[in-house]
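Residue-level listing of the chains:
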Amino acid sequence: MAGLELLSDQGYRLDGRKATELRKLQARMGVFGQADGSAYLEQGNTKALAVVYGPHEVRGSRSKSLHDRAVINCQYSMATFSTAERKRRPHGDRKSSEMSLHLKQTFEAAVLTQLYPRSQIDIYVKILQSDGGNYSACVNAATLALVDAGIPMRDYVCACTAGFVEDTPLADLCHAEESGGGTTLSLALLPRRENIALVQMDARLHQDHLPALMEAATVACKGLSKVLDSVVRQHLQEVSVQTRE
Amino acid sequence: MLKSKTFVKKTRSGGVLKIVREHYLRDDIWCGFEVCSECKDESPVLQRDACIESNLCPFPHCLIPDTNVVLHQIDILEDPLIRNVIILQTVLQEVRHRSAPVYKRIKDAIHDKEKRFYTFTNEHHRETFVEREQGESANDRNDRAIRVAAKWYTEHLSKSPSDSEPKVVLLTNDRANKEKAEQIGVISYRCEEYIKSLIGNPELVDRLALTSDDQNEISGSKLLFPEHLPLSKIQAGIKSGAFLQGSFRANTDNYLEATVFILGEGDKTTEVLLQGLQNLNRAVHQDVVAVELFPKEQWVAPSSVVLQDDQQNDEDTEEEEAEKKMENPVPDTTMLKPTGRVVGIIKRNWRPFCGMLNQSQIKEATRHLFTPADRRIPRIRIETRQASTLMGQRIIVAIDGWPRTSRYPNGHFVRSLGGAGDKETETEVLLLEHDVPHQPFSQTVLSFLPKMPWTITEEDMKVRADLRHLCVCSVDPPGCTDIDDALHCYELENGNLEVGVHIADVSHFIRPGNALDQEAANRGTTVYLCGKRIDMVPELLSSNLCSLRSNVERLAFSCIWEMNNNAEIINTRFTKSVINSKASLTYAEAQMRIDDSSMNDEITKSLRGLNTLAKMLKSRRIEKGALTLSSPEVRFHMDSETHDPIDLQTKELKDTNSLVEEFMLLANISVAQKIYEEFSECALLRKHPAPPPSNYDILIKAAKSKNLMIRTDSAKALADSLNEATLENFSYFNTLLRILATRCMMQAVYFCSGMDSDFHHYGLASPIYTHFTSPIRRYSDIIVHRLLAVAINADSTYPDLMDKHKQAALCNNLNYRHKMAQYAQRTSVAFHTQLFFKNKGILNEEGFILFVRKNAIIILIPKFGLEGTVFFEKKDKPGPRLTFDSEGPSLTIEDQHTFHIFDKVKVNISLDSSNIQHQKIRMALLEPVIPGVSVPLPELEPEAKKPKLDR
């Protein structure tokens, strides 16, 4: 028996999307009261929750604090029920630590940290359900949470994955596509000026294909930024209506 | 709209997983009809009125076949007549699941613009998506999905404003499905019904596959075969170790015997022997089957009987007689092999088979037996009304199924190739049978050829070394037009020699990834048949632009060594170059120049230099243990000018042959080292594995019969002992031994260095080897050229070149094509041998016994390089008493004469045309004279036996 056909001759993917189409994205901001900022985001079947505390004084050892900007502290975890097989260790494993580090790097590039010297911003993200593109869902959710917390940023940080199947770049991969072999590229972008916050690719890809793949990821990120923007605007509208009353 | 798809799946480790996948439904999937005004399809596929005329549906219509129709009637769907067909995604997915070859064929049909096949992505269409209901099986859901899609089409098209709107017709052979479809207002027919109603196309009916629905008429009452187990049971059995999975190889000589090759751990394969129709249980050559082993007491040695299924009648008669012949207790336990029986078929590997019809004895019968050209394939029963016109023609037939009640599989007629015995038809048959792609190159392929007139441009010169001043020459067989190598040699000032091998730079013209490249990669090799060449690349390249002809400027890839006078390499250099060959010589011409001491021009001097070096290289190679197995056996040789087999030539080996060979070997080894150094993961190399010791049994036994020892512990030992093994007053003996040794060898294969660890080339005694020197006729060399070009920064790389999995897949194809090309060549030689003997009439010749079998001896005739079998048994008459001794091996007839291996005999050779499909070279024994067995010297006895040709 043959494996899955990731892209049909008619140009449809496994789930019926075309190559450049994104999954359905839904998000809500301000889901928790106690935190300074929070957001819940669904990208297809990948569901992420992001919570932001801060900026506040540096906790723990003083030596960590920086005199000219804020420290960003990220923690990534996956719910034990997020994958098909129950996860044993929700956080602290190698993969999670790596993901935490990537998130930290991403947001250090986006948040205007120099406005808050000697302080700390905590970003906690949790994957509730995983179906491919965990990193990008986390980045997008954390962006919304940061916006909710009112922390100034250079731009939205939008992240999206792109893969390469039969010489065609596919945007926003689901789990089946990610595990179906081939290369996956994750890109976090500040869309307005096309600044790259983070780009990551684990598997091998021929140099000739890289521009096409980057292009596809960039276009996908820009598409995402529009959706995120509308979520923020709608949230603002709702909040302003509430406060007027 | 979003739907989620949830299903439960079992993982490999046995756990049960719940898989959730998204499933998007869309509004922008169009119906694909030209006339439709609602859909905004930019390039509609389905035409309004290019439909087929049918009695049943007088209106314009399109077909929607269901999965089983596609699976079983793919031959019909492929017919150019059938156009405007809607293939539903559901159907396509099911086909993909169930049969890879059919899936490939239906996809080809979809890609063919003329056919106007449209794929409707119904699973993602908002209105045609159906969810599986509680208690509904997956098959039922798919059937329902097909009906819903058909209904949607019916309604969608009726909305069209014009009154002559096309309709859709559902083709299904499932009665329940048809009824349900009619209930919801979809026009539906059974496939046969519909095809029979087509006006003016009676021949399509013959191609209808016989499906299980109408098989009842064929079945006799008796069940001839045990049942095949269902797949689930087979899988359970394989897991528990009760059954073994392997590929089924029928025996060419004996239709009641087959071997199943079981892939064990690593590269180890075990062979299981199957004997008798019951145990073969309807498996056909190359199927993947599950076998059950018999207990050790029932293990037997392979029988050495030659049996052919020659029965004329179509009756499902018992085969007891034939089977009895095989029951021959063998006392020697070392020869015993595991035996077993087929319990089920895991995957059928049926392809269309070439062959001929045996007309039924009943005049009006429509059911006939078809005899495939390939002996390993059983005869096939087909139904046709055109039997009388098809007689004497070569036809193609496909198998549809093999019910338990039938002695033969059922099949259907696909197409006719032409009269049997015609040179063209026979060539076509052998090309088809050996899966050699031989269609003329398509326009797309030709469009990638350089535009004529072609010249070397400035840019070419800039990146290439200019070697036009060198005195380069080529040495090839006479009449060769695709010259891919040329040589030069001159003395340097420091007393060393510079030697250059220049290979046609084919990779300059064939750029990676384009249609020309893909075609060449698929063909893999040029196939040389007698008097015909099936090119791998179009002729413009093979015989003109890439051919290193004399006195024209050509692009080349050069490998240049500096060597000292002991033929030791001091340094090696690779470069792309431009050369101008000064002479294209034949082997004989080159030899003449070397020998003629009065000639002292530059070419001759360089040839002499090369010759001395080549001799040193050769002796060093032989010292290392390289085998000389390219035995100087006499080969059937074609006159290449007239394309008619008018003469048999002895292939003479001159010094110059080995001169060219030595330098090609050297170049290949140097290149192999270089590309492996640069690309340890993805270098394309060639290896020749050492044969397992058991392969040599026959050789050792044969030598023992003459009191000689052959040591086979290493290549070197083998080469030495072969050299020593000579008999006085029997000069041909050594050659015979070498011929036997050749048969013990393994096949050399291409492989990707990243996928394998054993690189050794046994025959050449080289630790690493590749093919670099014939890019015009081998695709492997083109890849090696590209790798080397990247390694020396002369060309850029591309993704597939660096992907070891793609390389490995390519290697598999190349190995397959090479093997098939070899077989095709042999078959072509055999056919022309027959033509030769047809013209020659009857001949008496001397020969040697090469093998001794239980009821026959196989004889080699050195003069013609021809191999044939002399049988001692007759079907209708009791044969002479035979005593077979497998130790010798020897065969005693009537206690009068004993045949040993290597005995000299005299035989009578003639062409047997009684069976036009398998014309045979008939051999009959003349000497030694055995009354009742041998034939009298002058005239030919008509019942002499049918021998078999070398394959």
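Everything quoted here is computed from the prediction, not taken from an experiment. (Residues numbered from 1 in each chain as written. Chains lettered and ligands numbered in written order. Predicted model: local features only at pLDDT ≥ 70, side-chain atom pairs only at ≥ 80, totals over all residues. Heavy atoms only, no water.)

1. As for the overall build of chain A
Then comes step 1: Summing up its helical and strand segments, chain A has four helices and nine strands in all.
Then comes step 2: Each helix (α) and strand (β) of chain A, taken in turn from the N terminus, gives the series β-β-β-β-α-β-α-β-β-α-β-β-α.
Then comes step 3: For chain A, with 245 residues in total, the buried portion stands at 49%.
Then comes step 4: Long-range pairs, those at least 24 residues apart, make up 68% of the contacts in chain A between residues at least 6 apart in sequence.
Then comes step 5: Just so you have it, chain A exposes about 12,100 Å², and 48% of that area is on carbon and sulfur atoms. (Helix = DSSP H or I, 4+ residues; strand = E, 2+ residues; numbered from the N terminus. Buried < 20%, exposed > 50% of the residue type's maximum accessible area, 1.4 Å probe, protein only. Contact = heavy atoms within 4.5 Å. Areas by Shrake-Rupley, 256 points an atom, 1.4 Å probe, with all protein chains shown as cover.)

2. Description of the sheet that holds strand β35 (residues 920-927) of chain B
All names here are of chain B.
Then comes step 1: Taken together, the five strands give an open sheet; going across it, the order is β30-β29-β28-β34-β35, and neighbouring strands pair in antiparallel fashion. What marks the edges here is a single partner per strand, and that holds for β30 (866-871) and β35. Neighbour to neighbour, the strand axes of the sheet diverge by 45° on average, direction disregarded.
Then comes step 2: Examined bridge by bridge, strand β29 (residues 856-861) and β30 share six bridges and lie antiparallel to one another. Across the sheet, Ala-856 pairs through a bridge with Phe-871, a residue of β30.
Then comes step 3: Sheet strands in contact with helix α26 (residues 804-840) are β28 (843-852), β30, β34 (904-912) and β35, and its direction is about 60° off that of β35. (Pairing = 2+ DSSP bridges. Axes fitted to C-alpha atoms, helices over the stretch in contact; angles between N-to-C directions.)

3. Description of the interface of chain A and chain B
Then comes step 1: Listed per partner, the contact involves 27 residues of chain A and 23 residues of chain B.
Then comes step 2: Overall, the association of chain A and chain B removes approximately 2,100 Å² of surface from exposure, summing both partners, and the carbon and sulfur fraction of that is 50%.
Then comes step 3: Its largest share of buried area at the contact with chain B, chain A owes to Tyr-12, Asp-15 and His-206 of chain A, together 23% of the area lost on that side.
Then comes step 4: Where chain A packs against chain B, one counts three salt bridges. (Buried area = accessible area lost by both parts, 1.4 Å probe. Salt bridge = Lys/Arg side-chain N within 4 Å of Asp/Glu carboxyl O.)

4. Digging into the packing of aromatic side chains
Residue and element names in this part refer to chain B.
Then comes step 1: Going through the model one piece at a time under the given rule, you end up with ten aromatic pairs over all chains.
Then comes step 2: Where Tyr-676 meets Phe-759, the ring centres are 5.0 Å apart and the plane angle is 90°; that geometry is what we call edge-to-face. Highlighted residues: Tyr-676 in helix α21 (residues 655-678) and Phe-759 in the loop between β27 (749-752) and α25 (779-791), separated in sequence by 83 residues.
Then comes step 3: By relative accessible area, which is 13% here, Phe-759 ends up buried.
Then comes step 4: Pairwise contacts between aromatic rings join Phe-33, Phe-120, Trp-152 and Tyr-153 into one cluster.
Then comes step 5: Over the ring of Phe-441 we find Arg-523, and its NZ or CZ is 4.1 Å from the ring centre.
Then comes step 6: Its end group placed over the ring of Phe-751, Lys-687 keeps NZ or CZ at 5.3 Å from the ring centre. (Phe/Tyr/Trp six-rings, centres within 6.5 Å; stacked < 30°, edge-to-face > 60°. Lys NZ or Arg CZ within 6 Å of the ring centre and 35° of its normal.)

5. Some thoughts on the sheet that holds strand β6 (residues 158-165) of chain A
Residue and element names in this part refer to chain A.
Then comes step 1: Pairing in this open sheet of four strands is antiparallel, and the strands run β7-β6-β8-β9 from one edge to the other. A strand with exactly one partner marks an edge of an open sheet, and here the two such strands are β7 (168-171) and β9 (195-201). Ignoring strand direction, the axes of neighbouring strands in this sheet form an average angle of 25°.
Then comes step 2: In terms of strand pairing, β6 meets strand β8 (residues 184-190) through six bridges, oriented antiparallel. Bridging across to β8, Cys-158 finds its partner in Leu-189.

6. Side note on the side chain of Thr-119 of chain B
Then comes step 1: With respect to the element layout, Thr-119 of chain B can be found in strand β5 (residues 117-120).
Then comes step 2: A relative accessible area of 5% means that Thr-119 of chain B is categorised as buried.
Then comes step 3: A distance of 2.9 Å separates polar atoms of two side chains, one belonging to Thr-119 of chain B and the other to Gln-10 of chain A. (Polar contact = N/O pair within 3.5 Å; in protein donor to acceptor, adjacent residues only side chain to side chain.)

7. A closer look at the environment of Lys-701 of chain B
Then comes step 1: Assignment of secondary structure puts Lys-701 of chain B in helix α22 (residues 697-704).
Then comes step 2: Placed 188 residues apart in sequence, Lys-701 of chain B and Pro-889 of chain B show a C-alpha to C-alpha distance of 7.8 Å.

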